[in-house]
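Structural description and commentary
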Amino acid sequence: MILQGLLLVLGFGVLVKGAGWLVDGSASLARKHNISELAIGLTIVAFGTSMPEFVVSAFAAYQNHADIIFGNIIGSNIFNLFAILGIVGMIYPMEVKSSTVWKEIPFSLFLVLLLFLLVNGVISGTGILSRADGAILLVFFLGFLFYVYRQLKGGNITQPTEQKDLSGMKIWIYIVVGLAFLVGGGRLVVSNSISIAEHMGISQTIIGLTIIAAGTSLPELATSITAAIKGKSDIAVGNVVGSNIFNVSYILGMSALIRPVVYQLRFNFELYLLGAGTLFLFIAMFSGRTKKLDRWEAGILFMIYIGYTMYLIYQEFL
């Protein structure tokens, strides 16, 4: 049990380090091609910081651990929205771009609704996220990438500020080693989380929604806090919203392609919470200071996450 706990911590550490190197290498590569900060936040940084979720979910799909897949993705999105934006917003009130308010946040909310319809059989008639459902999610993921490309092409995004860039060789070293660390860390996290859950008699659902979700979201937390302290609200908010979009459309889509994922109706509560939180974030853009997440609004998000965590613990040991 102690050994599995240490290996789990090691796995998270390897995941975070790998994601960090992947983000640094990818962002340097993007800046060499004059891609803006918001675009980096919505795509490369969001994708890089979501890689732990992707690797963990891919291994869980391959090993047919459906509860870990949904617990990891939905739990990570809840952690991103309520905990990360809550913590970061209390540190530094975040101004949000108009495109994020009117396009990215509503699109994130739409994906939550689409996922709810797919997994509850409203569209396909089954309670399984099938390969066809995964393909639908991936189509919307490609649509999101095209939207970001159109923003870049239209020149509607501010140019990046000065950053320390890596040399050409270092860029690819960071990317390749980062990916290798992600794969190794992902295997450690999945195998040891399952061992701990079985040993303690805790459901894989709770493990996925709490320990794995928070652990795989550490790159988003570190990236957003650093960006907020440096006054880079575009990266902080774009990272969280972009990661949530990536998690649902790309990671769940790819997981379903690897193996159709059985959905447990108990996750509907988390989808309701995620949808309500995303709607709250949208409404918050028009209260207080326009297009800014104020400290009191961030505080509400964080308190909801604390309450939700306590609810999970209560339900598990009731």
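Residues numbered from 1 in each chain as written. Predicted model: local features only at pLDDT ≥ 70, side-chain atom pairs only at ≥ 80, totals over all residues. Heavy atoms only, no water.

Scanning the entire structure with this criterion turns up two cavities of 30 Å³ or more. Of the pockets and cavities examined, the largest cavity occupies roughly 50 Å³. Around the largest cavity, the lining residues are Leu-81, Ile-105, Ser-108, Val-240, Val-241, Asn-244, Thr-278 and Leu-281. Broken down by secondary-structure element, the contributors of at least two residues to the lining of the largest cavity are helix H4 (98-119), helix H9 (233-258) and helix H10 (268-284). The leading source of residues in the lining of the largest cavity is H9, at three residues. Here the residues of the lining of the largest cavity are counted per class, giving five nonpolar, three polar and no charged. Estimates place the volume of the second largest cavity at around 30 Å³. Lining the second largest cavity we find Ala-61, Asn-64, Ala-66, Ile-69, Arg-259, Pro-260, Val-261 and Val-262. Counting only elements with at least two residues in the lining of the second largest cavity, the list comes to helix H3 (66-91) and strand E3 (261-262). Taken together, the residues of the lining of the second largest cavity break down into six nonpolar, one polar and one charged. (1 Å grid on protein atoms, 1.4 Å probe; cavity = no way out; pocket = protein on both sides within 12 Å on 5 of 7 lines; lining within 4 Å. Points joined across faces, edges and corners; volume = space filled by probe spheres on them. Helix = DSSP H or I, 4+ residues; strand = E, 2+ residues; numbered from the N terminus. Nonpolar A, V, L, I, M, F, W, Y, C, P; charged D, E, K, R; others polar.)

With glycine set apart, most residues show a phi of negative sign, and most peptide bonds adopt trans. In this structure, Asn-64 takes a positive phi of about 65° despite not being glycine. Of the residues examined, Asn-64 reaches a relative accessible area of 48% and is grouped as partly exposed. (Buried < 20%, exposed > 50% of the residue type's maximum accessible area, 1.4 Å probe, protein only.)

Across the protein, the average pLDDT comes to 80, with 83% of residues at or above 70. Segment residues 156-162 is flagged for pLDDT under 50; beyond a separation of four residues in sequence, or across chains, it makes 17 contacts in the model. (pLDDT = per-residue confidence, 0-100. Contact = heavy atoms within 4.5 Å.)

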